[in-house]
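Residue strings, one per chain:
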Amino acid sequence: MRELRFFVPLSNLKGDTITIDGQEFRHLHKVLRLDVGDEVFVICNDDNIRRCRLTKIGKDFALAQVLETIVKQHDGLDITVFQALIKSEPLSYAVQKCTELDVKTFVPFISQYTVVEDKGQVQSRLQRIALASCKQCGRLCTMEISQSLEFKEMCNRLKDYAQVIVAYENDVTNAKKILSQLNKRDKIAVVIGGEGGFSEAEINQLRALTNVHFVSLGRLILRAETAVVALVSAIKYELGEFTNESSDVDTGM
């Protein structure tokens, strides 16, 4: 039987009682039509799964009593994707796949050749997509979606990472040469441009950062949403992440 999982903020946990509200309550009540006495699994982004029993169904919330707390250790990589804004559908695809690939944070940014505008709704829309994908793939923590950054702001954020990998179509560096030098404990950033790529000035700004490495993804020009999946997958493969030997996460499938 598939686990019915609901994601709520940790602040909704008081003692052994969890409040399920917002979109998660609407899904629980209107779509699944759950009732008092039904069991659900609640995730609060703290690497624990809580098996709960519904004790009250209100007008816009449900209360659940914690029956069991299952501690799960997350030992995945710390990867942040910085993705230039692209059109809605491919950007949604990139967020879905980055969630499935266990990317920790997704940061949209605006570059010189970006043609898509962020009118203040990108973050909330992508967060909903990430949450839905998170439920499907069995993650214990949702992928954080940042507000869109200007290119200069992004460069300042990149200074916080041990290694920054930039996919650049004009570079000839073999990706394996760079990725094989990464360490599992590194805080890694992946930077992907938009449909128009990076301007020369932006490339020079990135080259000025001492932790930045440019890599080629081959002789073909990849779409942005393809490039991010390819590069993140390559990093995970190089660092031995494509194994299930140490995983104890039940996806509920």
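Structure shown above.
Residues numbered from 1 in each chain as written. Predicted model: local features only at pLDDT ≥ 70, side-chain atom pairs only at ≥ 80, totals over all residues. Heavy atoms only, no water.

1. Here's the deal with the packing of aromatic side chains
Overall, the coordinates contain five aromatic pairs when judged by the stated rule. Taking the centre distance of 5.8 Å and the plane angle of 85 degrees together, the rings of Phe82 and Tyr161 count as edge-to-face. Here Tyr161 lies in the loop between α4 (151-158) and β11 (163-167) and Phe82 lies in strand β7 (residues 78-84), a separation of 79 residues in the sequence. Taking the relative accessible area as the measure of exposure, Phe82 reaches 0% and is therefore buried. Members of the aromatic cluster, each reached through a chain of ring pairs, are Phe109, Phe151 and Phe198. Above the face of the Tyr161 ring, Lys187 is positioned so that its terminal group lies 4.9 Å from the ring centre. (Phe/Tyr/Trp six-rings, centres within 6.5 Å; stacked < 30°, edge-to-face > 60°. Helix = DSSP H or I, 4+ residues; strand = E, 2+ residues; numbered from the N terminus. Buried < 20%, exposed > 50% of the residue type's maximum accessible area, 1.4 Å probe, protein only. Lys NZ or Arg CZ within 6 Å of the ring centre and 35° of its normal.)

2. Let's talk about helix α3 (residues 122-137)
Between its first and last C-alpha, α3 extends 22 Å over 16 residues, near the 22 Å set by a 1.5 Å rise per residue. Listing the buried residues of α3 in full gives Val122, Leu126, Ile129, Ala130, Leu131, Ser133, Cys134 and Lys135. At its buried positions, α3 is contacted by β1 (5-7), α1 (22-31), α2 (88-100), β8 (105-110) and β9 (144-145). Gly138 lies just past α3 and shows a positive phi near 90 degrees. (Expected span 1.5 Å × (residues − 1). Contact = heavy atoms within 4.5 Å.)

3. With respect to helix α7 (residues 224-238)
Relative to the 21 Å expected for 15 residues at 1.5 Å per residue, α7 spans 21 Å between its end C-alpha atoms, a close match to the ideal helical length. Those residues of α7 that fall on the buried side of the exposure criterion are Ala224, Glu225, Ala227, Val228, Leu231, Val232, Ser233, Ile235 and Lys236. Buried residues along α7 sit in contact with β7, α2, β11, α5 (175-179), β12 (187-192) and β13 (212-215). Just past α7, the residue Gly240 takes up positive phi, approximately 70 degrees.

4. So, the sheet that holds strand β4 (residues 39-43)
Within the open sheet, the six strands sit side by side as β1-β4-β5-β6-β3-β2. Their pairing is mixed. Strand pairing shows two members of the sheet lacking a second neighbour, β1 and β2 (13-14), which therefore form its edges. When strand β5 (residues 48-57) meets strand β6 (residues 61-71), the two strands line up antiparallel, connected through nine bridges. In the strand pairing of β6, Leu54 is matched with Ala64. Here α1 sits on the sheet and contacts β1, β3 (17-21), β5 and β6; the angle it forms with β3, its principal contact strand, is near 85 degrees. (Pairing = 2+ DSSP bridges. Axes fitted to C-alpha atoms, helices over the stretch in contact; angles between N-to-C directions.)

5. Looking at the nonpolar core
Phe106, Ile165, Leu231 and Ile235 are the most contacted members of the largest nonpolar core, which totals 35 residues. Here the element with the most residues in this core is α7; it accounts for six residues. Leave out the neighbours within four places in its chain, and Phe106 touches Val81, Gln83, Leu91, Ala94, Val95, Cys98, Leu126, Met143, Glu144, Ile145 and Ser146. Membership of the second largest hydrophobic core comes to 21 residues, among which are Ala84, Cys155, Leu206 and Phe214. (Core = buried A, V, L, I, M, F, W, Y, C linked by side-chain atoms within 4.5 Å.)

6. Comments concerning the side chain of Ser92
Along the polypeptide, Ser92 turns up in helix α2. Excluding residues within four positions of it along the chain, Ser92 makes contact with Arg125 and Ile129.

7. Let's talk about the pattern of salt bridges
A complete count under the given rule lists eleven salt bridges for this structure. The closest approach of N and O atoms between Lys135 and Glu24, which form a salt bridge, is 2.7 Å. Taken together, the residues Lys135 in helix α3 and Glu24 in helix α1 connect sequence positions 111 residues apart. Taking the shortest distance from any N to any O, the salt bridge between Lys184 and Glu241 comes out at 3.6 Å. Of this pair, Lys184 sits in the loop between α5 and β12 while Glu241 sits in the segment after α7, and the two are 57 residues apart along the sequence. Of the residues examined, Lys184 reaches a relative accessible area of 44% and is grouped as partly exposed. Accessibility expressed as a relative area gives 18% for Glu241, which makes it buried. Ionic contacts of the salt-bridge type, sharing partners, join the residues Glu39, Arg51, Arg53 and Glu68 into one network. (Salt bridge = Lys/Arg side-chain N within 4 Å of Asp/Glu carboxyl O.)

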